[in-house]
Amino acid sequence: MRRRPALAAVAVIGALALAGCGGSDSDSAASGAELSVDAAYIPQPVSDSMAAGFLTITNEGGTADELTSVTSEAGEVTVHETVEGTMKEVDRLEVPAHGQLVFKSGGNHLMFEKLKRQPKQGQSVAVELHFAHSDPVTVKMPVKAATYQPTTGDSGHTEDSGH
């Protein structure tokens, strides 16, 4: 008789463990990419019809996604990749799982063309980022001085604050 309660307990624990594993797998698959955007800005353009845009897309999720297009009422927006110093327009860029897609001066960037009006410092330009799997994300990109240089990433905040 003592064996049956022990076997029952083992069976219940085993079933709970399996249910927990199944739940975790389906939850992580269902959650997909978890995207957020920060460090967005546009240097005040010197041209009436063109501007560049920079931002960082962070994916906290366990599934990669892809940025497929960017739209804005300000004008046409294309996505450019810079490889070995050569800029080219691309259809999509990967946002890796547990990683970042960084748009920065000299690297990947957004190109605003056929601007309806030249954005001025202190204004902001709204863009909508479109992804292969995630819902669109709307971002307001502040227009900064033409010479604006952002601070270097997260490491600068933690290392510099303690010294």
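Residues numbered from 1 in each chain as written. Predicted model: local features only at pLDDT ≥ 70, side-chain atom pairs only at ≥ 80, totals over all residues. Heavy atoms only, no water.

Under an unreviewed UniProt entry, the name given to the protein is Copper chaperone PCu(A)C, and the organism recorded is Streptomyces salinarius.

Caption draft 1: Molecular detail of unusual backbone geometry. Non-glycine residue Glu-84 carries a positive phi angle of around 50°. Its location among the elements puts Glu-84 in the loop between strand E4 (76–83) and strand E5 (86–90). Assessed through its relative accessible area of 81%, Glu-84 is described here as exposed. (Helix = DSSP H or I, 4+ residues; strand = E, 2+ residues; numbered from the N terminus. Buried < 20%, exposed > 50% of the residue type's maximum accessible area, 1.4 Å probe, protein only.)

Caption draft 2: Quick peek at the packing of aromatic side chains. Applying the stated rule across the entire model yields 2 aromatic pairs. For the pair Tyr-41 and Phe-54, a centre-to-centre distance of 5.3 Å together with 40° between the ring planes defines the contact as tilted. Of this pair, Tyr-41 sits in strand E1 (residues 35–43) while Phe-54 is found in strand E2 (residues 50–59), placing the two residues 13 residues apart along the sequence. Look at Tyr-41 and you get buried, because its relative accessible area is 5%. By relative accessible area, Phe-54 is classed as buried at 7%. Ring plane angle 75° and centroid distance 4.8 Å describe the contact between Tyr-41 and Tyr-148, whose orientation is recorded as edge-to-face. Taken together, the residues Tyr-41 in strand E1 and Tyr-148 in the loop between strand E10 (137–144) and helix H2 (155–161) connect sequence positions 107 residues apart. (Phe/Tyr/Trp six-rings, centres within 6.5 Å; stacked < 30°, edge-to-face > 60°.)

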